[in-house]
Structure formats: C-alpha cells, structure tokens
Amino acid sequence: MKYIDEFRAADLARGLAAAIARDVLPARTYRLMEFCGGHTHAISRYGVADLLPACVRLIHGPGCPVCVLPIGRIDQAIRLALAHGVILCTYGDCLRVPASDKLSLQRARSQGADVRMVYSPLDAVRIAREQPGREVVFLAIGFETTTPPSAVAVLQAQAEGLENFSLLCNHVLTPAAMHAILAAPGGTAIDGFIGPAHVSTVIGSAPYHTFARDYGKPVAIAGFEPLDVMRAIQLLIQQINAGRAEVDNEFTRAVTPHGNRKAQALVAQVFALRASFSWRGLGEIRQSALTLRPEYAGFDAEIRFALPDVAVADHKACECAAILRGEKQPQQCRIFGTACTPDNPIGSCMVSSEGACAAHYSYGRWRAAGAEESLPYAQ
Amino acid sequence: MPNEYAASLNLLSDQVELNHGAGGRAMQQLISQVFARELGNEFLAQGDDGARLPAACGRLVMATDAHVVSPLFFPGGDIGSLAVHGTLNDVAMLGARPTYLAAAFILEEGFPLADLTRIAASMGRAARAAGVPVVTADTKVVERGKADGVFITTTGVGVLVDGVEISGSNARPGDAVLVSGPIGDHGMAIMSVRENLSFAAPIVSDSAALHGLIADLLAAVPQLHVLRDPTRGGVAATLNEIAQQSGVGIVLDEAAIPVRPAVVAACELLGLDPLNIANEGRVLVFCPAADAARALAALQAHPLGREAALIGEVIADPRHFVQMRTRFGGRRMIDWLAGDALPRIC
Amino acid sequence: MCLAFPARIVALSGESDAVIDLDGVHKTISLALVDDAAVGDYVIVHVGFALHKLDEEEALATLALFREIAAGAAETAGGSGGSA
C-alpha cells in the first residue's frame, strides 16, 4: 500500500462514474463547490470532469491562499526586500504574483532584491542562522495546513535565540472563508461543499458541522486523489437527493473528528486571531486570519519593520472577486485570455496554477471549445 | 620557446583574472594550458583565430546555443558537456550529420581554474565521444559579478542527409508521435542540486549527443516528418510549438509516456509535472503512422533509445490543442507553462 | 491548496526529524507535528513536515468500498454512503 496509485485506479474510476450516473436525479443540477485549490488541480490534472454527468457542475472555490492574498500584502514583502534589504524567503507559489508598480517578487529580484525560494519555513530559519548579519523574513501564506509549520519555525527561531528572523504572517482560516461564501449573494446557489483534504487532517471534521447545521449545506471531506474526489461527489449527491445536510468524511485514512491536536496547540501558542483581514475577492472578513501573539512580537515582521498595511484595489476589469465566490466563471471576465493570461496575469486567479482562471485557461477552454468531437478516445 | 620564462598556471588553486582575457601572454597561457590541452585537435592546433575546414559534401546547416545553466555541475554532466551535446543535438534535429563545433567562453573574474579545467575536460570528452571536434574557440573575461562563473556559447555546423525534409511544420494528421526515452531526468537532476531543494535522489541528467541515434533512425525511416528535442519547457512546450507550427492537434496517451519512478516521485514532492521538465538527451519523433513500428525498432536498437515509446498521434484540430488521455480515464489539455516550472506548496 | 503527498518513513534522525522515501527519492522532514511516528509508518508530508499518519486499515477499507461500488455499478445495484 503506497496510498497514491491505488487511489488513481482507472477501473475503480469507471465504477464510481457509473454509480454517480445512476445516482443523479433526472432534471436536477448539482452545483458543488470544491473549496480547495488542490482539488481544483486534481480535477483538472486527471480529467475528473469527463467522468461526471453534465448535471454535476463543479465550482472552484477560494481555497487558494495565493489567489486570496491582497496585492498590498505582496507589496509589503517586496518593500521589505527592496527598501529594507532583507533576505525575503517565500514559497515558489508567490514569486510571480503581480503586485503594484508592475512588480512581482521575481521582478523585484531583477532589481536587486534578495528574494529566495524555500520549500519549508525551516529553510528560512536556517538562512537566518547562517547569516546573522542579515535580516531574514519569511512570507508565510496558507490555510490551516501550512500554519503549523510556521508555528514550529517561530518556536525554533526562539529556541535558538535568533534575533534576525521574522514572519510576515498571512495565514488564513477555511471555515471563515466558507461562511463568507455562503453569506454572499451566490451562496444560496451552492448545493454542497467538497471539503479540503489536508486542511482537514489538521482541523478535523468537526468544524464543518456548522455548515450542515446552520446553512443546511452538505459537506463531504475528500482525500487528495481523484477517486477520493469522485466518492465525495457521490456522497454529496446522495445527501442532496435525500434532503440531508451532514458532514461526510471520505478521507478517513487521515482525517479524524478532532484533527491533529498537537498541531492545533502549537498554532494556538504562537498565533492569535486578527479582528479582521482583507481577502482578495471576498473583502473584509472578521476573525478570518492570524497574526503573531504579543509574546512573539519580536518575530513579527509587520511590527519589526513598522510596515503600513495599504489596501490596493484590483484592476478595474478584474473579476477575480466574483470568480472566487463562485458567482462568475473565468470566461465571463472581460480580460480573460486577452489582457490577462498566464504569461501576463492581471489577477491572482490567473497566477496560481490552481486558480480558477489559470485552470480554465489550461484545461477548461479546451473543453468549452467542444474538443470532445475531435477526440478519438471520447467515451 | 615563448613561454620558457613564464610560470605555469596553477590549475589547482589559481583563479581566472581579467588579464586572462586581455589578449596578451596570460591569455595565451590560459588557452594553451586549459583549452588547447583539453579540446585539442588538428584544427585548434592551426593556432589561428578561425579554422580552415575541408569542403563540405552537401548542404550545410548551422545551429548555435548559449548555455547559462546553474548549477554548473550536476549529476550526469556539467555546463561543458551540456554545451557540446545541446548544439550537436540542434544540428541533428535538422536531419544533419554534425561535423564541427565552435565554442566561446565568457569567464567571470575569480572563477577557479580547477573548475574551468574540469569543464573544459568534460567538453573535450564529450566532443571526442561524439566524433565532432571543437575547431575554434574564443574566451573573454568579465568583472566579478557579471557572469555566473562561466557562460558558454557553442555553434555547430553539419551536413544535411540527402532526401531528408524535416521541419516542425511537417506534422500531418495521422502521424505517430514517439519519444526516445524517459522524460524529466535532466530538469529534476538540476533541481536535486539547487539550493533549498536538496534531496538524495538517484536522478541523473540524460544529457547526451543524439546524432548517432538520429542517423540510425533516418536510415530506417528517411521520410520522417519532425524531429525536435524537448529541452526547456519540456515535452509540453515542444509539442505545443509543433502543433502551432504545423497547424494540427496532438493527442497523447499518458500511460504510454515513459517516466522514471524517481522522477515521478520528485515531481510529486515539488508539485511539478514531468511534461514541463527539461530534457537534454531525448528526441520527439513524428512520422507517418505506417512507419511507426520501424521507427520505434530503430530507436530501441540504439543504446540511447532503449526505452523509446509510441506516445500519441496527430489529429486535425483547427485550435491546435495538445490533449492527453489520462491514466485515470479522463482527458486534459497539455498547455505550455508561463515561465519556468516552479515548485509549489499549494 | 496544500500540496501534500503520502510517504514512508525509512529512518528517524536527530531529535524530531525523519527521512522519508518516495520511490527512491529521499528527503529529510520534521516530525514536530506528529507523535509516535515510527520507521515504516506512512505520513502525509507538506512543506517539509509530517502532518498526520496514514491509517492503513482505513485506507484498505476505503479501497474495498470503491471496489464494492464498482462491482455494484456493474450489476446495477446501489452504492453505500458513509458519515463522519
């Protein structure tokens, strides 16, 4: 058992596809939001949509921490590198995000900024340890999956007595975003949620009960592999057909009701809730993001460098906001595919490979163009 | 005689200095002790600023490539062997037999001579193994910080094989698409050395001179349509280029594409797709469907093509899409990436 | 979000690190977020950290369920659901 290929088996996929085709009610449309960008990617990469009946519509949710990161926060990172001369450590995902003044972290590098890609926050701590004469800032992004590693990094820096390491904290919370989506005008049109895989290993399945109970929306937590996603879709369809609203857990091999308590405790030790945080596309959401606790203020780059938080508006024609809420589709954006392309992204949905627009550009526009009839392998 | 009173370069501990590029005695020393020694052949020995070559017996092709790879040394090769193989392959992809190479070096002040010697030796070995001499060379030195150690530009000339008409615009609906071996080795070998992304993985660059393989292939199937090596941007970029150039669509079968398990794993780890990763010793072949079996056999008979496979076909498609039937049973489009493939965490 | 993959622990190292193996690719990761991880265990790895152990029994049960559904579909019988 290796937990990968077994969950990608084509024969089981056909079986699930047949079962789903049988389960869907005639003349009923199922609008299911896959919250997690990783699921968006898996659905595109394996062509899962091909195996679903046309009445099952998958809506890409805002579970892409790069996509929801406001331009102003990237500007802060760029300013730290260019004006303050820090070593700015970032995950690869952020390098090409377009910010103000036609800059991105990658472009800032060509202007002399010391921007370094890391794979783990501990790499940034190592750089701080090796370069005691330089300030090192780690651009921390991500939902609940990625936050515990940041907590460990801060605690490690503290244990080592490092005085040149800090975090630019942009960690955000999944349930808060789901509430925002359901509260928005398009929220009522969503029939169910495919719950994130890895966020759920950390937070557990319990936090999702509020969506079933208080909004009447079924949730099915899905593992990361395409068979997991299909099974979760089947569970949602069955719930919807029966008029139920519950939390199903398809990812039982890694998700428990309470999640990873150790990770949660470390996060609670290091981070506190911000009163409010501005999400790109979703606007201000209360208690939706984290900042460092006062006792860790020495590791908070916003305090250390007195960074002003400047709100930067999106490009006027950019429809990322509506797209992130599931209200519009990429092709309904005026600049999709013309001014805004993966080569020249205007909005964040195009920058991240799991953003709705990038996914549609790479995979969807081929399907929309009716490629089915040209394919010899059409089923 | 001219160097009788000059101290030899200490190749183990000396560094490149600005006067090594200034055209004087120091530069002569660098050339004779490093380049001429490692790359030596009758043409370089002529000692002039260019090489006098015999008359060519056919139509000529020429190709050139600048090499700026970082890191300079990686599992399976270095910038030197890469520079030789890359240009030999460019010539071979046109359906020509490479005959001569030229090389220009831009050296950074302070670059260790030990590393330079290692690179020159590697180039010499690669050129000799390929049977193609570096007949003329040039070297310049720039100030510290203005080059990444060393940049190498190689130019190659070759003679076209008679009757061969190969071009990226020749793909036709019905053509078979083949690849000469597993994809993604070179790019992932590079990743394995790069700072901040190190892991102990048995992935070695596939960098190799392919003209021998291609000569065998052309002998078996002279009426090939397209040959191209999927370098930067990987198979995805190259197939999209060809689809655009030829005005056709391409359909791939994911299960048929050879990828080493370690490359698959390394890509999983970093969130990359093997189709977007560079190769330096593979060729994509488009040929009439009727010739596919013969082409495959010719590739597999050669040491560099043992794992060759038939991976797809060309179809008529006014949108020029490259699509793939996934192992899972669905379909997806294969687009080319904007910029280099970057590891991701999301 | 959250690219993560399952990998097998092949060695423990240092105070809280481990070496994982994914088809011959080895990487050192941190076990700071999980307790009682042992050599031979499979863990989900994200940004250089193990997030959670994988439960083999549950994995087998899930696969068995998929097979049952696939077989059921072939016979046109109904599939079964599951709740958290």
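Just so you know, the residues in each chain are numbered from 1, in the order the chain's sequence is written. The lettering of chains begins at A and the numbering of ligands begins at 1, in the order of writing. With pLDDT at 70 or above as the cut-off, local features in this predicted model cover only qualifying residues; side-chain atom pairs require 80 or more to be listed or tallied, and sums for whole chains, interfaces and linings still use all residues.

### Description of the pairing of strand S12 (residues 322-325) of chain B
Residue and element names in this part refer to chain B.
Piece 1. Judged by which residues are buried, S12 turns out to be covered on both faces: Val322 and Met324 on one side and Gln323 and Arg325 on the other are all buried.
Piece 2. The pairing of strand S9 (residues 249-253) with S12 spans four bridges and is parallel. Its bridge partner lying in S12, Ile250 is registered against Val322.
Piece 3. Pairing between strands is defined by DSSP: at least two bridges between the two strands are required. Each helix is a run of H or I in the DSSP string that is no shorter than four residues. Each strand is a run of E no shorter than two, and both are numbered from the N terminus. As paired elements, S12 and strand S13 (residues 331-333) share three bridges and run antiparallel to each other. Bridged to Arg325 within S13 is Arg331.
Piece 4. Where S12 folds back onto S13 in an antiparallel hairpin, the turn is made up of five residues, including Gly329, whose phi is positive at roughly 110°. Exposure classification rests on a simple neighbour count of other C-beta atoms within 10 Å of a residue's own: a residue reaching 20 or more is buried, one at 12 or fewer is exposed, and one in between is partly exposed. C-beta atoms are placed from the backbone.

### Things to note about the domain arrangement of chain A
All names here are of chain A.
Piece 1. One can read the domain layout of chain A as domain 1 (5-20 + 28-64 + 174-249), domain 2 (71-171 + 261-304) and domain 3 (320-365).
Piece 2. For domain 1 and domain 2, the distance between their C-alpha centroids amounts to 30 Å.
Piece 3. The interface of domain 1 with domain 2 comprises ten residues on the first partner and eleven residues on the second.
Piece 4. Counting residues per element, the ones that place at least two in the side of domain 1 that touches domain 2 are strand S2 (56-63), helix H7 (174-183) and helix H8 (198-203).
Piece 5. Ten residues, namely Ala, Val, Leu, Ile, Met, Phe, Trp, Tyr, Cys and Pro, are considered nonpolar, four, namely Asp, Glu, Lys and Arg, are considered charged, and the remaining ones, Gly among them, are considered polar. Partitioning the side of domain 1 that touches domain 2 into residue classes produces seven nonpolar, three polar and no charged. Domain borders in the structure are assigned automatically or taken from a domain database. Working definition of a contact: two residues with C-beta atoms, positioned from the backbone, lying within 7 Å.

### Re the interface of chain B and chain C
Piece 1. Each partner contributes to the interface: chain B provides 15 residues, whereas chain C provides eleven residues.
Piece 2. The class makeup of the residues in the side of chain B that touches chain C is twelve nonpolar, one polar and two charged.

### Description of the sheet that holds S13 of chain B
Residue and element names in this part refer to chain B.
Piece 1. Taken in spatial order, the seven strands make up an open sheet running S8-S10-S7-S11-S9-S12-S13, and their pairing is mixed. In the strand order of this sheet, the two ends are held by strand S8 (226-228) and S13, each with one partner. With strand direction ignored, the average angle separating the axes of adjacent strands in the sheet is 25°. Where helices are involved, their axes are fitted lines through C-alpha atoms of the stretch in contact, as for all axes, and angles between N-to-C directions lie from 0 to 180°.

### Describing the interface of chain A and chain C
Piece 1. Contacts between the two partners involve 51 residues from chain A, matched on the other side by 37 residues from chain C.
Piece 2. Where the side of chain A that touches chain C is concerned, the elements lending two or more residues are helix H1 (10-23), helix H2 (37-46), helix H5 (121-130), helix H6 (147-159), H8, helix H10 (226-242), strand S9 (247-249) and helix H11 (261-270) of chain A.
Piece 3. Here the element with the most residues in the side of chain A that touches chain C is H1 of chain A; it accounts for seven residues.

### Here we look at the pairing of strand S6 (residues 165-171) of chain A
Walk down a regular strand and you will see the side chains alternate between the two sheet faces.
All names here are of chain A.
Piece 1. Within S6, seven of the seven residues are buried, leaving the element largely enclosed by the surrounding structure.
Piece 2. Residues Phe165, Leu167, Cys169 and His171 line one face of S6 and the alternating positions Ser166, Leu168 and Asn170 line the opposite face, and both faces are buried.
Piece 3. Direction of pairing for strand S5 (residues 136-142) relative to S6: parallel, over a ladder of seven bridges. In the strand pairing of S6, Phe138 is matched with Leu167.
Piece 4. The parallel pair S5 and S6, bridged by H6, forms a crossover whose chirality is right-handed. With the strands aimed away from the viewer, a crossover counts as right-handed if its path from the first strand over the helix to the second runs clockwise.

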